[in-house]
Amino acid sequence: MGRVSDSPPVEGEDKLQIKVHPRSGDTTPNDKHHHRLSTTSPPRPPPQMYQPFKKHFSWLVPVFVVINVALFIIVMYLNDCPKRSNNCVGADVLGRFAFQSLKENPLLGPSGPTLQSMGALEVKKVVEQHELAALLTLVLIIAINLAVGILPHVDNFAHLGGFGTGFLLGFVFLIRPQYAWVRQRNSPPGYYGNSSKPKYKIYQRVLLVISLIILVAGFVSGLVLLLRGVDGNDHCPWCHYLSCVPTPLWKCKPEQVYCESSTIHNQLDLKCLSNGKSKVYTFDATNSTTSLEQLCSQLCS
């Protein structure tokens, strides 16, 4: 919480010192000191508007979205469902961009062969034909995502949570029937006698149940802890290194910054005591302490 303390006033000038903590916010009734900017000068003209912060455009996520949409359009163009199948979804409207049938692709997309021709992972090639390249690609992607997560301002716990959730959901939604069941299902009646093969093996069912239990327990416990306001760092002092690793190039914790400000009429002269930078703003007396703290943080950054 930021604090503002009034020093002995100088004629025609107000002095105040701003202390900004890592988690600054609005002043609360518990604060012992409040500041009030006042002047005995004649009525001043309306204060000019100022923009203390530079506008920042988040370009990384939109670029990823555009790339994914472009690749999806290319894949659907190459898929050309009406040319290869008579059971397409939206063929009358979408033309060659129509989706495969829901039976073949319930996610409204291209066919399996089209995805494989575009570089999709094929389990048979990885397991039986030993293609160590597809697996290494997946490992490399995982490593890059986790490495980016140790940078400041990037929450690596979101990456870890998404990886763990996706891994467990694979045992729930992507469970594969065993080959004997598929072969028996597609064979003529009586070809394999009266023997019946189960669709899934026992270990697949066990993994499905265990994954569901872990997912439900994890989401419920996480929601309860969130609503109770529990800080995991209090129980795991080293876990914060999973999200940010301090180096000589950056720091993971924001530093406390101090600013000295003086106001003459509607001019605010702000000076950062940490780096010596100073800047003059057009100031409105109705601005809150939070605005001053934000200006101080920007000036000292």
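Residues numbered from 1 in each chain as written. Predicted model: local features only at pLDDT ≥ 70, side-chain atom pairs only at ≥ 80, totals over all residues. Heavy atoms only, no water.

Asker: Run through the overall build of the chain, naming residues and quoting values.
Answerer: Counting secondary structure elements, the chain contains ten helices and five strands. Looking at the chain as a whole, 22% of its 301 residues are labelled buried. (Helix = DSSP H or I, 4+ residues; strand = E, 2+ residues; numbered from the N terminus. Buried < 20%, exposed > 50% of the residue type's maximum accessible area, 1.4 Å probe, protein only.)

Asker: Before we move on, can you summarise helix α1 (residues 60–79) with the specific residues and values?
Answerer: If you check α1, its first and last C-alpha atoms are 29 Å apart, about what 20 residues at 1.5 Å a residue would give, namely 28 Å. All of the buried residues along α1 are V75, M76 and N79. Here the buried residues of α1 occupy an arc of 95 degrees about the axis, which is enough to place them on one side. The elements touched by buried residues of α1 are α2 (81–84) and α4 (112–117). Trailing α1 by a residue or two, D80 shows a phi angle of about 50 degrees, which is positive. (Expected span 1.5 Å × (residues − 1). Arc of directions from axis to C-beta. Contact = heavy atoms within 4.5 Å.)

Asker: I'd love a proper account of the state of the cysteines, names of residues and values included.
Answerer: A complete count under the given rule lists three disulfides for this structure. Linked covalently through their sulfurs, C259 and C296 form a disulfide whose S-S length is 2.0 Å. Measuring the twist about the S-S bond at about 95 degrees, one finds the C259-C296 disulfide to be right-handed. Of this pair, C259 sits in strand β3 (residues 257–264) while C296 sits in helix α10 (residues 289–300); the two residues are 37 residues apart in sequence, bridging distant segments of the chain. (Disulfide = S-S within 2.5 Å.)

Asker: Provide a residue-level description of the packing of aromatic side chains, including the pertinent values.
Answerer: Counting across every chain of the model gives four aromatic pairs. Seen from their ring centres, F167 and F171 are 5.1 Å apart, and the 85 degrees between their planes marks the pair as edge-to-face. Of this pair, F167 and F171 are both found in helix α7 (residues 156–173), four residues apart, which corresponds to roughly one turn of the helix. Overall, F167 belongs to the partly exposed group, its relative accessible area being 49%. Cluster of aromatic residues (ring-pair linked, three or more members): F163, F167 and F171. Here the guanidinium or amino end of R96 rests over the ring plane of Y77, the centre of that ring lying 3.7 Å away. (Phe/Tyr/Trp six-rings, centres within 6.5 Å; stacked < 30°, edge-to-face > 60°. Lys NZ or Arg CZ within 6 Å of the ring centre and 35° of its normal.)

Asker: Explain the pairing of strand β5 (residues 278–282) to me, using residue names and the numbers behind them.
Answerer: Here strand β4 (residues 267–272) pairs with β5 via five bridges, running antiparallel. Bridge pairing in β5 places Q267 opposite T282. Counting the residues in the hairpin turn of β4 and β5 gives five residues, including G276, whose phi is positive at 80 degrees. (Pairing = 2+ DSSP bridges.)

Asker: Can you break down the environment of G149 residue by residue, with the values?
Answerer: Residue position: G149 is located in helix α6 (residues 133–149). With 95 residues separating them along the chain, G149 and C244 place their C-alpha atoms 7.0 Å apart. Setting aside anything within four residues of it in sequence, one finds G149 in contact with V154, N156, H159, L242, S243 and C244.

Asker: Kindly report on the nonpolar core, identifying the contributing residues and their values.
Answerer: Counting eleven residues, the largest nonpolar core is built from V257, C259, L268, L270, C272, Y281, L292, L295, C296, L299 and C300. Every element with two or more residues in this core is listed here: β3, β4 and α10. (Core = buried A, V, L, I, M, F, W, Y, C linked by side-chain atoms within 4.5 Å.)

Asker: Mind laying out unusual backbone geometry, listing which residues take part and the relevant values?
Answerer: With phi around 50 degrees, D80 is a residue other than glycine that occupies positive phi space. When you line up the elements, D80 lands in the loop between α1 and α2. Positive phi is not limited to glycine here, since L108 has a value of about 55 degrees.

Asker: Account for the packing of α7 against helix α9 (residues 202–228), with residues named and values stated.
Answerer: Relative to each other, α7 and α9 sit at 140 degrees, their axes nearing to 8 Å. In terms of axis orientation, α7 runs oblique to α9. When the axes of α7 and α9 are compared, the crossing they make is left-handed. Touching T165, L168, L169, F171 and V172 of α7 are L207, L208, S211, L212, I214, L215 and F219, all from α9. Classifying every residue of the contact of α7 with α9 by side-chain character gives ten nonpolar, two polar and no charged. (Axes fitted to C-alpha atoms, helices over the stretch in contact; angles between N-to-C directions. Parallel < 35°, antiparallel > 145°, perpendicular 65-115°, else oblique. Left-handed = near helix turned anticlockwise from the far one by under 90°. Nonpolar A, V, L, I, M, F, W, Y, C, P; charged D, E, K, R; others polar.)

Asker: Any chance you could break down the pairing of β4 for me, citing the residues and the numbers?
Answerer: What you see with β4 is a clean split: L268, L270 and C272 sit on the buried side and Q267, D269 and K271 on the side with no burial. Note that β3 and β4 share six bridges and pair antiparallel. Note that in β4 the partner of T263 across the bridge is L268. Taken together, β3 and the strand that follows it, β4, pair antiparallel across an intervening segment of two residues, in which H265 is found at a positive phi of about 60 degrees.

Asker: Which residues make up the side chain of S111, and what values go with them?
Answerer: Tracing the chain through its elements places S111 in the loop between α3 (91–94) and α4. Among the polar contacts made by the side chain of S111, one reaches the side chain of N79 at a distance of 3.1 Å. Contacts of S111, omitting those with residues within four sequence positions, involve N79, Q100 and E104. (Polar contact = N/O pair within 3.5 Å; in protein donor to acceptor, adjacent residues only side chain to side chain.)

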